[in-house]
Amino acid sequence: MPTQVTVFLENEQGRLAAMCRTLADANVNMSALTVADTASYGVARLLVDKPGDALAALAEAGYRVRLVDVSAVEIPNVPGSLALLLEAFDKAGLNLEYAYCFESGKEGVVVVFRAENIEGIADIVESLGYRLLKSADL
Amino acid sequence: MTAKEQERYYQQEIETMSPEALFALQSERLLASVTNCYANIPFYKRSMDAMGVKPGDIGSVEDLGKLPFTTKQDLRNAYPFGLFAIDVRDRVQRLHASSGTTGNATVCGYTQQDINNWGDCFARTIAQVGGGSESIIQIAYGYGLFTGGLGAHEGGIRSGATILPMGSGNTRRQVQMMNDFGSDILACTPSYALLIADTAIEMGYDPAKDFKLSAAILGAEPWSQGMREEIEDKLGVMAVDIYGLSEVMGPGVSCECRAQNGLHVAEDHFIIEILDPETLKPVPDGEFGEVVFTTLTKECSPLLRYQTRDISRILPGECSCGRTLRRMDRISGRTDDMLIIRGVNVFPSQFQQAIADFIEVTNHYEIILTKKDQLDMVELRVETVPDFDFDEIRRIESLQQRIAAELKSSLQISVKVSIVEPKSLVRSTGKAKRVIDERQL
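Q: For the pattern of salt bridges, give the residues involved together with the corresponding values.
A: Under the criterion given, the structure shown has 42 salt bridges over all chains. With its nearest N and O atoms 2.6 Å apart, the salt bridge here joins E421 of chain B to R15 of chain A. Taken as a pair, E421 of chain B in the loop between β20 (416-419) and β21 (435-437) and R15 of chain A in helix α1 (residues 15-25) lie in two separate chains rather than in one. For the pair E421 of chain B and R15 of chain A, one class covers both residues: buried. Here R394 of chain B and E97 of chain A are joined by a salt bridge, their closest N and O atoms 2.4 Å apart. Taken as a pair, R394 of chain B in helix α13 (residues 393-411) and E97 of chain A in strand β6 (residues 96-104) lie in two separate chains rather than in one. Among the ionic contacts, a cluster of salt bridges with common partners joins R45, E97, R114 and E116 of chain A together with D389, D391, E392, R394 and R395 of chain B.

So, in structure tokens, the structure goes:
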């Protein structure tokens, strides 16, 4: 499964920039970043080329950081493809904690998500003709 | 056999005395002690005269409130022997003194009777953990002016146990002898007990399995429940908390029994009061306040209403061990640290205790006090442990809510709980600054 780096950030000016600087100095490249914000803190979720290096650099710099297994599915970049996928998940009783998407290439979109129970995901994805991605695919 | 029948006592008739009999004994001894103070210590004669109270006015324990207080400063001012009721060259057998790092040392004298009573108090503790004349007690408190080593030593003598007077230090040798001699009971500070355990493990032992040790009587510094569990696990013992101050006597003023739920006060030798630190009026049982002791049997250095500045409370109800001597809670702070939040007396250590049960957070914390619309607002800032899975925000929110609920139930005040990054909480090797009071009082 793909590995996501999750970072706890206090809601304070410059904190996200500082985190990015730490990653840059460790020569880590990001391919996706999303920040869930609350009044007092944020949780940054990112996909990077070297999760292990990112973890080490951020932990060393004093961040609370976790490596998290997430699921990633490549879907066509056309209207309705995400709706189809989520409807199928819903039907299977699968509850998503969070999800985010980014374009990949010209024709594809990658959906990254974390779910409580991921058993059976592969079958659902395959039945729709979509592709479940491995770490190496990202 | 029930737990009660297995319970071992050193002085059962005293330890299980009825409240009425104890009241009578305390009242009788109080009058004698006040008389001793008034007749032989000019400081007490002056302060009692200033309040217009004579020994004859003390009919029972209920008259305690008529007596003057004694503070640490009074003891310092009396340096060295100004508060002795007996000439130091007369029947005084021994002197102990506090370190005096913040002023004059406080000096206390002990007659042979004082030493025997002290030994009895500590010997009760030895019985409370199941020890007695057949036990080997390894004393790893420092011996000297500090009361720890010799206090435990007297307890060993009175209980008839075999004493291994190690003193503190030379930890590998402590471990070696603990193993070779088969020590049953360890008496030292909790941090030293932990060092002994870690050293033993480092030396290749599994103390919990390899050593005969069954109990540890630990005191002279504050320790947490988490530390207790660690010591108990590593050494394979029951660890009990013992309390005492050199000014009042030394270790043994109060001590936990096997129930490990509060420290039985040696009420035949000391009267304990819990007073509101502001008003100096008694608080109801169960409520926190300043611990104040009056000695009942001390011949050389008696004290009337000595303000310890330690914060604790009386635990209401009966103890499962069968002892009737009342229990005080472990010391939860110092009066100097007290905060008044919305009129409620709160101690930073109460926050610490409340979060101690949450494995999701570290023991670093900060309390921020502010005012909003004339109301005190409290924020507790904590950080999560590295293992805490915060990837799902609802886990963070649930943690905040659970901590807030715990604080609400233990402190009776609403607290905003904030999870912060580790960098935000000051770390200090010395005394960390835990409270930031931004209220303009």
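Q: So, empty space enclosed by the protein: which residues are in play, and what are the values?
A: Where empty space is left becomes clear once a probe the size of a water molecule has been rolled over the atoms. Residues and elements named next belong to chain B. Taken as a whole and assessed by the stated rule, the structure comprises three cavities of 30 Å³ or more. Taken as a whole, the largest cavity spans an internal volume of roughly 100 Å³. If you go around the largest cavity, you meet 15 residues; those closest to its centre are L75, L83, V107, C108 and S301. Looking at the lining of the largest cavity, its residues break down into eleven nonpolar, three polar and one charged. Here the second largest cavity is characterised by a volume of approximately 70 Å³. At the level of secondary structure, the elements contributing two or more residues to the lining of the second largest cavity comprise α6 (112-128) and β9 (263-265). If one sorts the elements of the lining of the second largest cavity by residue count, α6 sits on top with four residues. In terms of residue class, the lining of the second largest cavity is built from five nonpolar, four polar and one charged.

Q: Explain the interface of chain A and chain B residue by residue, including any values.
A: Contact with chain A, which involves 23 residues of that partner, is made by 23 residues of chain B. Carbon and sulfur atoms supply 47% of the area buried between chain A and chain B, which totals about 1900 Å² over both sides. Scanning the region where chain A abuts chain B turns up nine salt bridges. Ionic pairing is found between R114 of chain A and D389 of chain B, a salt bridge with its closest N-O pair at 3.2 Å. Among the secondary structure elements, those contributing two or more residues to the side of chain A that touches chain B are β1 (3-10), β3 (41-48), β4 (64-69) and β6 of chain A.

Q: How would you explain the nonpolar core if you had to name every residue and give the values?
A: Membership of the largest hydrophobic core comes to 43 residues, with the highest contact counts inside it found for L30, Y44, L67, V248, F270, I272 and F293 of chain B. When contributions to this core are tallied by element, the ones reaching two or more residues are α3 (19-40), α4 (42-51), β2 (107-110), α6, β9, β10 (270-275) and β11 (289-295) of chain B. In terms of nonpolar packing, the next biggest core, distinct from the first, is built from 31 residues, Y41 of chain A together with I341, V382 and V415 of chain B among them.

Q: For the sheet that holds strand β14 (residues 327-328) of chain B, give the residues involved together with the corresponding values.
A: Residue and element names in this part refer to chain B. As summarised here, the arrangement of the nine strands in space is β4-β3-β5-β6-β7-β8-β9-β14-β13, forming an open sheet in which the pairing is mixed. Of all strands in the sheet, those with a lone pairing partner are β4 (162-165) and β13 (314-315), marking the two edges. As paired elements, β9 and β14 share two bridges and run antiparallel to each other. Bridging from a neighbouring strand, L263 pairs with M328 of β14.

Q: Account for the layout of surface pockets, with residues named and values stated.
A: Residues and elements named next belong to chain B. As a volume, the second largest pocket reaches approximately 550 Å³. Around the second largest pocket, the lining is made up of 29 residues, and of these L22, E267, D285, T324 and R326 lie nearest the centre. Mapped by element, the contributors of at least two residues to the lining of the second largest pocket are α3 and β10. Grouping the amino acids of the lining of the second largest pocket by side-chain chemistry returns 14 nonpolar, seven polar and eight charged.

Analysis parameters
Residues numbered from 1 in each chain as written. Chains lettered and ligands numbered in written order. Predicted model: local features only at pLDDT ≥ 70, side-chain atom pairs only at ≥ 80, totals over all residues. Heavy atoms only, no water. Salt bridge = Lys/Arg side-chain N within 4 Å of Asp/Glu carboxyl O. Helix = DSSP H or I, 4+ residues; strand = E, 2+ residues; numbered from the N terminus. Buried < 20%, exposed > 50% of the residue type's maximum accessible area, 1.4 Å probe, protein only. 1 Å grid on protein atoms, 1.4 Å probe; cavity = no way out; pocket = protein on both sides within 12 Å on 5 of 7 lines; lining within 4 Å. Points joined across faces, edges and corners; volume = space filled by probe spheres on them. Nonpolar A, V, L, I, M, F, W, Y, C, P; charged D, E, K, R; others polar. Contact = heavy atoms within 4.5 Å. Buried area = accessible area lost by both parts, 1.4 Å probe. Core = buried A, V, L, I, M, F, W, Y, C linked by side-chain atoms within 4.5 Å. Pairing = 2+ DSSP bridges.

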